[in-house]
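What follows is each chain in one-letter form.
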Amino acid sequence: MTDSKYFTTTKKGEIFELKAELNSDKKEKKKEAVKKVIASMTVGKDVSALFPDVVNCMQTDNLELKKLVYLYLMNYAKSQPDMAIMAVNTFVKDCEDPNPLIRALAVRTMGCIRVDKITEYLCEPLRKCLKDEDPYVRKTAAVCVAKLHDINAQLVEDQGFLDTLKDLISDSNPMVVANAVAALSEIAESHPSSNLLDLNPQSINKLLTALNECTEWGQIFILDCLANYTPKDDREAQSICERVTPRLSHANSAVVLSAVKVLMKFMEMLSKDLDYYGTLLKKLAPPLVTLLSAEPELQYVALRNINLIVQKRPEILKHEMKVFFVKYNDPIYVKLEKLDIMIRLASQANIAQVLAELKEYATEVDVDFVRKAVRAIGRCAIKVEQSAERCVSTLLDLIQTKVNYVVQEAIVVIKDIFRKYPNKYESVIATLCENLDSLDEPEARAAMIWIVGEYAERIDNADELLESFLEGFHDESTQVQLQLLTAIVKLFLKKPTETQELVQQVLSLATQDSDNPDLRDRGYIYWRLLSTDPVAAKEVVLAEKPLISEETDLIEPTLLDELICYIGTLASVYHKPPSAFVEGGRGVVHKSLPPRTASSESTESPETAPAGAPSGEQPDVIPTQGDLLGDLLNLDLGPPVGGPPLTTSSVQMGAVDLLGGGLDSLMGDEPEGIGGPNFVAPPAATVPPNLGTSMGSGLSDLFDLTSGVGTLSGSYVAPKAVWLPAMKAKGLEISGTFTRQVGSISMDLQLTNKALQVMTDFAIQFNRNSFGLAPAAPLQVHAPLSPNQTVEISLPLNTVGSVMKMEPLNNLQVAVKNNIDVFYFSTLYPLHILFVEDGKMDRQMFLATWKDIPNENEAQFQIRDCSLNAEAVSSRLQSSNIFTVAKRNVEGQDMLYQSLKLTNGIWVLAELRIQPGNPSFTDLELSLKCRAPEVSQHVYQAYETILKN
Amino acid sequence: MIHSLFLINSSGDIFLEKHWKSVVSRSVCDYFFEAQERATEAENVPPVIPTPHHYLLSVYRHKIFFVAVIQTEVPPLFVIEFLHRVVDTFQDYFGVCSEPVIKDNVVVVYEVLEEMLDNGFPLATESNILKELIKPPTILRTVVNTITGSTNVGDQLPTGQLSVVPWRRTGVKYTNNEAYFDVIEEIDAIIDKSGSTITAEIQGVIDACVKLTGMPDLTLSFMNPRLLDDVSFHPCVRFKRWESERILSFIPPDGNFRLLSYHVSAQNLVAIPVYVKHSISFRDSSSLGRFEITVGPKQTMGKTIEGVMVTSQMPKGVLNMSLAPSQGTHTFDPVTKMLSWDVGKINPQKLPSLKGTMSLQAGASKPDENPTINLQFKIQQLAISGLKVNRLDMYGEKYKPFKGIKYMTKAGKFQVRT
């Protein structure tokens, strides 16, 4: 006697048969019939035609039958709204039943009937149930409010159910509290403006009390809700952390991860010197490790989150490397995640172990995994400098295995190692060359060609090797073609005598026979370059390349901070903020870590506003970093530089500069035809007649831009302002401004004599000031200043004077003396005159410094209505020595990462987000990070002055 | 929250669907099938799959995929934990969790699922409470129900549901009062070619079977509680007491439950009770390879190692193996290339070994990968970490219960690389 009998009725008149049975007088027969109906429903058969007959069975004392009918109702009410009204009476009656189980069942089912017409009849019973004496009914009713809200939000608000729900947060029963929180969270998610979860210290305290007593699922709801709260100071943060820590020992991994989220977020507010901070760090490691012994699905989610945690706080798991070692029967998705975390944790201390493991993985069966393992060895070499040599020898061992895909991956990563440590490991080139023939993947071929070209002078038969590739030029992928072109040009510049023919051949292949514009353009550029000025060509093509670093696969710090707030959610699995992928972006609230000193100012900053902020302004506030992240995700285990060098973005800046210098003269001078003694100029026919000119003008435009940046235009100079009016100085009027040019600061003064007597014997002196500004030379007014005469003087300044902090910071007190008297005035100098020329920070340094500077030092400003685009902003700022370190475009918004250095060696890092406002103006959002936060305000002013003038 | 649940068997049929909110068309599972096709093996299907309007979270257990559909941002662990709970509940109700059993009990399954979630929010997941709401089917009950017309749905509110001890029902009565605890430890280890340990850790659990009358309050103390620095407790354990005194104090649920699970990390020195000596050589240009493994005891504290089972996935190039074991039985499946050797007990005087030759594909070069040896074993009366229970006391009730503690060590994921 099993239920499978319900599935076996496949006769023709099945529905009629069931109908008859449902209307039978015998209770038992009715029940069996309903069971059959349910069984058909579960396998997806349409039994909606039986609706009236099933509903007729609803009024019964038999609880099982009632439940079965309810099950049916929930499934089909929507398709039969008119009939569903028949059920209302029974619900209303059941809500008054003395048995709480029946009351709860009625209120539960009611909410699942998604029919508009019915909902209004259900408000009264629901209101009663929300105030029911039995907590089981109350907790069920709380969820029902969320259901109803989903069907008809307006109705729920009008009926005041939301307030009742909020009151339930203070209920005496922890289960009711948990369900109320869950319901409110769900409603808040779809209606972010309603500000439902308005948390304050009292309600937090209630939640924390309920946390200890409610079910595991309730704990998850409460912890997720707590994570949205921003404590008012570090003491409150610590006390919440103390009460949340016991959850780390819960058997339910979701509880553990939610607790980790709360702790990771609130830890941000604790001072690092605190003993408690260290204790907390220690407590976080074991539960994370334990998650890894769970089922593989749980492991996967845990690993994605651990990946974020080790980036944010590597110290937590730095001793736990071994738990990430891969077991051969782990599912592939777990293996790949473990590998990624192993590399993130790799350090000098454990690199030997890691390498031994990686080498082991390289002999596994799964090809994808083997490839990533080989790449991982390369990443280790780049990350841990001391291990580079060992990594290279491991890679060589692997190449000896001659397993095709292993060799190819190894060559790709060795190329990256060469880029990171030039002139160190070239001894291995010979071994690499032996494997030339086995390479069949474009990336590996391109990498090998790059190596041959780059080290052509050390490879005796470089020309033969490259020539062999040239034979099948047109069958190669673009990546390989571009690389081959560059490599042969390099070869030619290194060994011009033997390789003329080869270079001719490749240039003609690239320019004449190819349909690919990238390839053709690059071909032409080389051709012109070689034919005009081989010396310049050498400088351009063989220029020193910037080193690559491991930072490329790290998540951007601001995004990382946001993701930390989403630990345990889908966002953390995808490493994207929810705005990037949650359906329709509805209900997405931007979260960020609280600042370390969360005193009163925390409420002013939009970043730290408690979650629950209106989502109406979402599009303006949140950068949707989805794409960027997508890229990061794709990069995953890839080498830091994706494609062939010279084409990738990381070298772009350098390349443009180089071209600027090199080609400028090339385009300026009339081509003199023959570059080298043996070089034959390209036949005129190969260059379309108009190409020369169009290329020339196009390029010169480019150079205008770059040379504008590079030359001595100097930083922005404000118009002169009157510093000392004549009436205050017995007829001497002084106006002036500050300038900075080519590294030297000067004060441009205009002295006007408005008195009736001649002025002589001028002298000037500065009071001690914040940056030690002092005159570098005496004030020299050569001739006496006669009445109504004006003289302009430029007074050079230096920054070696004595230092005293002024208020405001950029205040300068000046004394000017003449034959009449001594006059005092003070002026404010713009901070950008103190920005030094070598203020460009290396990308890696930038990233490290940005992470290193505590968050409370971050200051945010808005620059409204700026009429420049990103390019112009960047070049304008660069002329004032604010350097763009990196630029990214995130869903149409440009993000500039900039650095500048003050004369006293203080670095200021900036993140500038350019938001397109109306068509002609843009709004800029500026975040500044600096170890001396007091300068931020003035740096902001400098930005504003530079950009608005 | 959790929208719907689909149960899919290994041949790709959806044999059960349950919706807690509006109905989601089963066509959503097509995305799952795509992912399933891409992952060659069932174990490798990624647990989180995005679709244009939903997210599919799945677990694979007992050869069934449990696929949950969610629409909004929900903690994925929450969903996965819940799915595991569903599987455990089925197993608890029906003894096994398999497609035929679920189909046979479809009404109970439906009723149970309905009780477990309400609108996607977990409602009752404790098996104690569920069993009071929906009685598990037994042959006797089915017969009685058909005769008397009574049902297997409880019509009273479960007592434990809202009390401070939701895990225990009131009014429990036994004639024999007994409390048994099993300390079970599993060693996860990776041993390298040369026999040295790369990583070894212990996953331990204390499973309890408590059948005590009334509301007993138990305390359990250990000889060496310092070992337990990474623990997860059943909700019944009073955390404060553990923090301050390192004593487990709790009112136990009725019946079987997992009191505690713990983890002894790789940083502590973990004793490895067995060793494997192996010499596996594939020779180039010869179609024969040699194969020899020997298993022997290492740090066993004088206990016998039993239930030893050696399995190894041989490289594709191995066509067949002709081996002779000194004890036990062995099989080699030439299709899946899986070698398994059921060794049984290890006699330290006469170590079990398996020797012989492998026939390799002629002309093919030596295989790229080395086979990894998987080891299973059991040691009775030993907790390899050294954990020992000191005493068990009962308060709150007058009678004297029978008490018992058993120790066992097993191999978890125990792998030897060659």
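Just so we're clear, the structure is a prediction, and the values are computed from it rather than from any experiment.

A. The arrangement of the state of the cysteines in detail. All names here are of chain A. One pass over the full model with this rule turns up zero disulfides over all chains. Free cysteine Cys380: the closest other cysteine sulfur is in Cys391, separated by 5.5 Å. According to the relative accessible area criterion, Cys380 is buried, its value standing at 0%.

B. Main features of helix 1 (residues 14-22) of chain A. Residues and elements named next belong to chain A. For helix 1, every residue scored as buried is listed here: Glu14, Leu18, Glu21 and Leu22. The arc that holds every buried residue of helix 1, seen down its axis, measures 100 degrees, which confines them to one face. Exposed side chains of helix 1 directed beyond 90 degrees from the buried face belong to Phe16 and Ala20.

C. Expanded view of the interface of chain A and chain B. With 97 residues of chain A in contact, the opposing surface of chain B contributes 98 residues. For the pairing of chain A and chain B, the buried interface totals around 8400 Å² over both sides, and the portion due to carbon and sulfur atoms is 59%. Considering only the side of chain A, the residues that lose the most area to chain B are Trp217, Tyr328 and Leu570 of chain A, jointly responsible for 9% of the buried surface there. The tally of links between chain A and chain B comes to nine salt bridges. Between Arg85 of chain B and Glu216 of chain A there is a salt bridge whose closest N-O contact spans 2.7 Å.

D. Seen up close, the sheet that holds strand 10 (residues 217-222) of chain B. Residues and elements named next belong to chain B. Reading across the sheet, the three strands line up as 12-10-22 and stay open at both edges, with antiparallel pairing between neighbours. Of all strands in the sheet, those bounded by a partner on one side alone are strand 12 (247-250) and strand 22 (389-395). Recorded for the sheet is a direction-independent mean angle of 15 degrees between the axes of neighbouring strands. The pairing of strand 10 with strand 12 spans four bridges and is antiparallel. The residue bridging Thr219 from the neighbouring strand is Ser249, located in strand 12.

E. Quick look at a negative patch on the surface. On the surface, a cluster of negative charge is contributed by Glu464, Glu467, Glu471 and Glu501 of chain A. With respect to the helices and strands, the residue Glu471 of chain A is situated in the loop between helix 26 (462-470) and helix 27 (478-494).

F. Quick peek at the environment of Asp852 of chain A. All names here are of chain A. Residue placement: Asp852 occurs in helix 37 (residues 843-852). Between the alpha carbons of Asp852 and Lys929 there is a distance of 10.0 Å; along the sequence they are 77 residues apart. At a separation of 3.2 Å, a polar atom in the side chain of Asp852 contacts the side chain of Arg931.

About the criteria used
Residues numbered from 1 in each chain as written. Chains lettered and ligands numbered in written order. Predicted model: local features only at pLDDT ≥ 70, side-chain atom pairs only at ≥ 80, totals over all residues. Heavy atoms only, no water. Disulfide = S-S within 2.5 Å. Buried < 20%, exposed > 50% of the residue type's maximum accessible area, 1.4 Å probe, protein only. Helix = DSSP H or I, 4+ residues; strand = E, 2+ residues; numbered from the N terminus. Arc of directions from axis to C-beta. Contact = heavy atoms within 4.5 Å. Buried area = accessible area lost by both parts, 1.4 Å probe. Salt bridge = Lys/Arg side-chain N within 4 Å of Asp/Glu carboxyl O. Pairing = 2+ DSSP bridges. Axes fitted to C-alpha atoms, helices over the stretch in contact; angles between N-to-C directions. Patch = residues over 30% accessible without salt bridge, like charges linked within 9 Å, V, L, I, M, F, W, Y side chains within 5 Å. Areas by Shrake-Rupley, 256 points an atom, 1.4 Å probe, with all protein chains shown as cover. Lys, Arg positive; Asp, Glu negative; His and termini not counted. Charge placed at Lys NZ, Arg CZ, Asp CG, Glu CD. Polar contact = N/O pair within 3.5 Å; in protein donor to acceptor, adjacent residues only side chain to side chain.

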